[in-house]
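Spelled out from the first residue to the last, the chains are:
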Amino acid sequence: MPFHVEISGALNHARAFNLNLEELRRTVLESWLTGRPVELGEHEWDPRESSLRILEGPHLDNPDLSFGQGWSNAERSAQDVTRRVLETTEQPKLPDAFIVEAELPEATVAEMLSGQTALPVPLGDAEKKINGRDPEVAAVILVTKAPKR
């Protein structure tokens, strides 16, 4: 059965209808469970300042969603499964970080990037991806000069 989602803050709310479990995980749960902002309804929602409701019920067709009646129709026909879904969803894996000490850091970086497409990124942009726990970041690798011994 599809899922219907509502995220609300102090004054606003956003809703999504007819999501399958994978869409729900990708668009809401991965970010919500790691405390990262959730993008829904052209707005970013901070899980610490918002509430989440997940309903599971029948697919809602266009007539069910028209004239702003989608959420009330979902509430009438679906079951609130927020707690169950949050408790049973596996925590997303967060990026790992590695420090590599090398005699020649530049050569080590060149070797790691050999055959890869690499684009220089301003440190501030990288920090945003790391601090925001961007799900596309698989790892952070710091290459430092090995201490003289």
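Before going into details, it helps to say that this report is about the structure given with it. The model shown is predicted, which means the values in this text are computed figures rather than measured ones.

What follows concerns the overall build of the chain. The number of helices and strands found in the chain is six helices and eight strands. Going residue by residue from the N terminus, the α and β elements of the chain occur as β-β-α-β-β-β-α-α-β-α-β-α-α-β. Radius of gyration (C-alpha) of the chain: 21 Å, far over the 15 Å computed for a compact globule of 149 residues. If you line up the chain on its principal axes, its C-alpha atoms span 70 × 30 × 30 Å. Looking at the chain as a whole, 31% of its 149 residues are labelled buried. Sequence separation of at least 24 residues holds for 67% of the intrachain contacts in the chain that already meet a minimum separation of 6. With the model as given, the accessible surface of the chain reaches about 10500 Å², and the carbon-plus-sulfur share is 52%.

Once that is clear, we can look at the nonpolar core. Ranked by size, the top nonpolar core spans 17 residues in total, and within it Val5, Ile7, Leu24 and Ile54 carry the most contacts. Of all the secondary structure elements, the ones that give two or more residues to this core are strand S1 (3–8), strand S2 (13–19), helix H1 (21–33), strand S3 (38–40) and strand S5 (51–56). With four residues, the top contributor of residues to this core is H1. With sequence-adjacent residues up to four places away left out, isoleucine 54 is seen in contact with Phe3, His4, Leu24, Leu29, Gln79, Asp80, Val81, Thr82 and Val85. In this structure, Leu60, Trp71, Ala74 and Ala78 belong to the second largest nonpolar core, which totals five residues.

For asparagine 18, which is not a glycine, the phi torsion comes out positive at approximately 60°. Position of asparagine 18 among the secondary structure elements: in strand S2. Positive phi, close to 60°, is recorded for glutamate 42, a residue that is not glycine. The residue glutamate 42 is located in the loop between S3 and strand S4 (43–45) in this model.

Positionally, leucine 24 belongs in helix H1. With relative accessibility at 0%, the residue leucine 24 sits in the buried group. On a C-alpha basis, the gap between leucine 24 and arginine 48 in space is 19 Å, while along the polypeptide they are 24 residues apart. In contact with leucine 24, not counting residues within four places along its chain, are Phe3, Val5, Leu19, Leu29, Ile54 and Val85.

Overall, antiparallel pairing links the four strands, which are arranged S2-S1-S5-S6 in an open sheet. Edge positions in the sheet fall to S2 and strand S6 (79–80), since each has one partner strand and no second. Relative to the sheet, helix H3 (residues 70–77) contacts S1, S2 and S5, its axis offset from that of S5 by approximately 60°.

A separate point is the layout of surface pockets. Volume-wise, the largest pocket comes out at about 1000 Å³. Lining the largest pocket are 22 residues, with Leu119, Val121, Ala126, Ala139 and Ile141 sitting closest to its centre. Looking at the lining of the largest pocket, the elements with two or more residues in it are helix H5 (105–113), helix H6 (123–131) and strand S8 (139–145). When grouped by side-chain class, the residues that make up the lining of the largest pocket number 17 nonpolar, two polar and three charged.

Let us now look at H3. Listing the buried residues of H3 in full gives Gly70, Trp71, Asn73 and Ala74. Viewed end-on, H3 has its buried residues packed into an arc of 160°, placing them on one side of the element. Of the surrounding secondary structure, the elements contacted by the buried residues of H3 are S1, S2, S5 and helix H2 (62–65).

Conventions we followed
- Residues numbered from 1 in each chain as written.
- Predicted model: local features only at pLDDT ≥ 70, side-chain atom pairs only at ≥ 80, totals over all residues.
- Heavy atoms only, no water.
- Helix = DSSP H or I, 4+ residues; strand = E, 2+ residues; numbered from the N terminus.
- Rg over C-alpha atoms; globule rule 2.2 N^0.38 Å.
- Buried < 20%, exposed > 50% of the residue type's maximum accessible area, 1.4 Å probe, protein only.
- Contact = heavy atoms within 4.5 Å.
- Areas by Shrake-Rupley, 256 points an atom, 1.4 Å probe, with all protein chains shown as cover.
- Core = buried A, V, L, I, M, F, W, Y, C linked by side-chain atoms within 4.5 Å.
- Pairing = 2+ DSSP bridges.
- Axes fitted to C-alpha atoms, helices over the stretch in contact; angles between N-to-C directions.
- 1 Å grid on protein atoms, 1.4 Å probe; cavity = no way out; pocket = protein on both sides within 12 Å on 5 of 7 lines; lining within 4 Å.
- Points joined across faces, edges and corners; volume = space filled by probe spheres on them.
- Nonpolar A, V, L, I, M, F, W, Y, C, P; charged D, E, K, R; others polar.
- Arc of directions from axis to C-beta.

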